[in-house]
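This is what each chain is made of:
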Amino acid sequence: MRKNRSAALAAATFLLVSGAAIVAAPSAYAGVPGSTQASDRNSDFNGDGYEDVLVGAPGATVGGKSGAGLVTVQYGSAKGIGTSGAAVFSQSTAGVAGAAEAGDGFGRAVATGDLDGDGFDDAIVGIPGEDLAAVKDAGGVAVLWGSKSGLSGAASSWLETEEPTAGERFGLGLAAARFTAETDGDLLAVLDGYDVELFAYDASKASSLRRESTQRIAAQAEPRRIQPKSLTTGDYDKNGFADLVVSGLSVGDEPGYGWSAYLSGNADGLTYERDLRGGPVAASGDLNKDGYDDLVTGEPHSPDDAYGETMAGGLVGVRLGGPDGPAEEPDWWVQDSPGVPGVAEPGDGWGSDLSVADTDGDGYADVAIGAAGEDIGTVQDAGAVWVLRGSASGLTSSGAKSWDQNSADVPGTAEKGDKWGAQVRLTDPNRDGRFGLLAAAPGENTGDGHIWVLSAGTGGVTASGSWTYNAGSLGAPYVDAQFGAAIDE
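Residues numbered from 1 in each chain as written. Predicted model: local features only at pLDDT ≥ 70, side-chain atom pairs only at ≥ 80, totals over all residues. Heavy atoms only, no water.

Looking now at the pattern of salt bridges. Taken as a whole and judged by the stated rule, the model has 5 salt bridges. The salt bridge involving R434 is made with D432; its shortest N-O contact spans 3.6 Å. Exposure remark for R434: the relative accessible area of 25% places this residue in the partly exposed category. (Salt bridge = Lys/Arg side-chain N within 4 Å of Asp/Glu carboxyl O. Buried < 20%, exposed > 50% of the residue type's maximum accessible area, 1.4 Å probe, protein only.)

Another aspect to go through is the confidence of the model for the protein. Taken as a whole, the protein shows an average pLDDT of 87; of its residues, 86% reach a score of 70 or greater. Overall, residues 1-39 carries pLDDT values under 50, and its contacts beyond four positions in sequence, including any with other chains, amount to 151 contacts. Residue range residues 213-221 is modelled with pLDDT below 50. Its contacts to residues more than four positions away, or to other chains, number 24 contacts. (pLDDT = per-residue confidence, 0-100. Contact = heavy atoms within 4.5 Å.)

Attention now goes to the pairing of strand β24 (residues 384-391). The element β24 is largely enclosed, with a buried count of 8 among its 8 residues. Both β24 and strand β25 (residues 394-403) contribute to a ladder of 6 bridges, which runs antiparallel. When the sheet's bridge partners are listed, W386 is paired in β25 with S402. (Helix = DSSP H or I, 4+ residues; strand = E, 2+ residues; numbered from the N terminus. Pairing = 2+ DSSP bridges.)

Turning our eyes to something else, we now look at the side chain of T72. With respect to the secondary-structure elements, T72 resides in strand β3 (residues 70-74). Taking the relative accessible area as the measure of exposure, T72 reaches 0% and is therefore buried. T72 has contacts with V53, L54, V55, A87, V88, L474 and F483, leaving out every residue within four places of it along the chain.

Applying the stated criterion to the full structure yields 7 aromatic pairs. Ring centres of F170 and F199 lie 6.2 Å apart, and the angle between their planes is 70°; on these two criteria the pair is classed as edge-to-face. Here F170, found in the loop between β8 (157-159) and β9 (173-177), pairs with F199, found in strand β11 (residues 196-201); they are 29 residues apart in sequence, far enough to count as distant. Taken together, the ring pairs in this structure connect W467, Y469 and F483 into an aromatic cluster. Sitting above the plane of the Y364 ring, K289 keeps its charged end 4.4 Å from the centroid. It is R431 that lies over the ring of Y50; its NZ or CZ is 4.4 Å from the centre. (Phe/Tyr/Trp six-rings, centres within 6.5 Å; stacked < 30°, edge-to-face > 60°. Lys NZ or Arg CZ within 6 Å of the ring centre and 35° of its normal.)

Judged by pairing direction, the sheet is antiparallel, and its 4 strands sit side by side in the order β14-β15-β16-β17 without closing on themselves. The open sheet has two edge strands with one neighbour each: β14 (226-234) and β17 (269-277). Taken over all neighbouring pairs, the strand axes of this sheet differ in orientation by 25° on average, direction set aside. Bridge count for β14 against strand β15 (residues 243-250) is 8 bridges, and the pairing is antiparallel. When the bridges of β15 are listed, L231 appears paired with V246. (Axes fitted to C-alpha atoms, helices over the stretch in contact; angles between N-to-C directions.)

Moving on, we get to the sheet that holds β8. Read across the sheet, 4 strands follow the order β5-β6-β7-β8 without closing on themselves; strand pairing throughout is antiparallel. One side of each edge strand has no neighbouring strand; the edge strands of this open sheet are β5 (109-113) and β8. The sheet shows a mean angle of 20° between the axes of neighbouring strands, direction not considered.

Spelled out as structure tokens, the structure:
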């Protein structure tokens with residue numbers, strides 16, 4: 001519980017659930033590189049050039065408080081990641097704001113970015129179950145600052161929305177990128193149950209982060225009501241600015257469809273451009289190696305609609321980037337698409353999570369797709385993962401692969417409710433230019449959660465030599481921890 005509000009509060013609210021109020025960041029901003037392609041990812045907390053891995057375990061018991069939550073950090077090296085030398089952080093860690101309390105959900109969402117521009121990436125941790133005084137589940141965000149020695153709880157920063165309300169769950173989603181050139185570091189976007197807010201680093205503030213001023217823009221949002229669920233960033237128009245996509249589900253007369261709001265970074269800051277069919281899961285990367293980031297959306301559960309696709313098992317959409325940003329018309333994929341392993345079935349949840357990066361070093365980013373509800377034989381909701389390749393024409397099923405816990409060389413056994421693939425991340429912690437796969441099963445061992453590591457070689461991701469670990473492997477509480485419920489992209 002936080003009893004004293006930080007001096008640095010909420011920021012530019014630019015997407016409201018009503019879909020009628022859109023505002024942009026200040027017009028003084030100029031463009032800087034902000035791509036989230038595989039070659040320009042920001043997950044290096046100690047500045048050694050190796051990508052690090054940040055994992056959330058929001059169900060973990062900390063100090064006897066069930067569901068208080070924690071995060072773990074594994075530092076990359078020439079040997080990749082392992083279970084030794086990992087760091088564990090919670091609200092019981094010295095210097096981290098607040099206190100571990102039951103149901104806080106510290107680590108329900110995680111993100112990274114160099115917020116202060118010092119060359120060391122910082123870890124951003126969402127705590128959507130945080131109570132603020134008497135305001136239940138108002139939510140909060142903790143920022144752990146990077147340094148030469150890695151992350152530390154010391155002098156961490158705290159963020160909350162300007163006027164917390166019960167059930168707002170500030171910190172449900174997070175993203176950081178160079179949307180502007182006004183600051184030396186990345187801007188931080190924070191999602192709650194209703195809208196998004198922006199924060200910028202300011203060393204003069206007690207919390208080191210300040211609220212951004214806002215201005216309304218002339219363009220009107222589509223009169224569509226979208227409940228936001230996730231954030232992704234990418235330079236879709238290759239203008240040197242990071243763009244922001246807020247993905248969610250429609251509400252109102254036609255509820256449950258995936259929709260996203262696309263905001264472009266430009267000389268006037270973030271500007272609302274248009275709504276795009278697809279969501280509430282999203283990821284970005286350059287699939288066709290043309291220098292434009294491409295937008296990939298996942299809709300694991302959706303009603304059938306006029307697109308004519310068999311959507312009961314889940315739907316993935318691909319929009320190639322270009323001078324005007326993500327393409328107006330997507331390329332839709334389902335498990336029944338030619339060349340894709342498996343068969344679309346109700347409840348599969350194909351598109352439960354997505355990750356985009358180059359798995360085989362050919363310069364084309366590939367797409368990892370999780371299906372947390374996939375049944376393996378008669379085992380319900382055991383889960384599975386896929387990797388589809390990028391190519392000069394975009395996503396292709398040529399060379400597509402899939403795995404589950406019953407696949408050869410994958411440790412363990414498919415069990416009911418494991419939800420293997422609820423989170424997927426392509427990562428290159430040994431800096432060899434090929435991104436291996438982390439596949440999380442938060443439901444493993446009735447909610448303890450595990451992560452599987454599948455390495456990548458010249459042929460891409462392979463199960464050969466794969467291994468698994470949980471929070472206990474890293475020296476953290478593991479019972480009902482839901483380890484892997486969030487992995488930084």
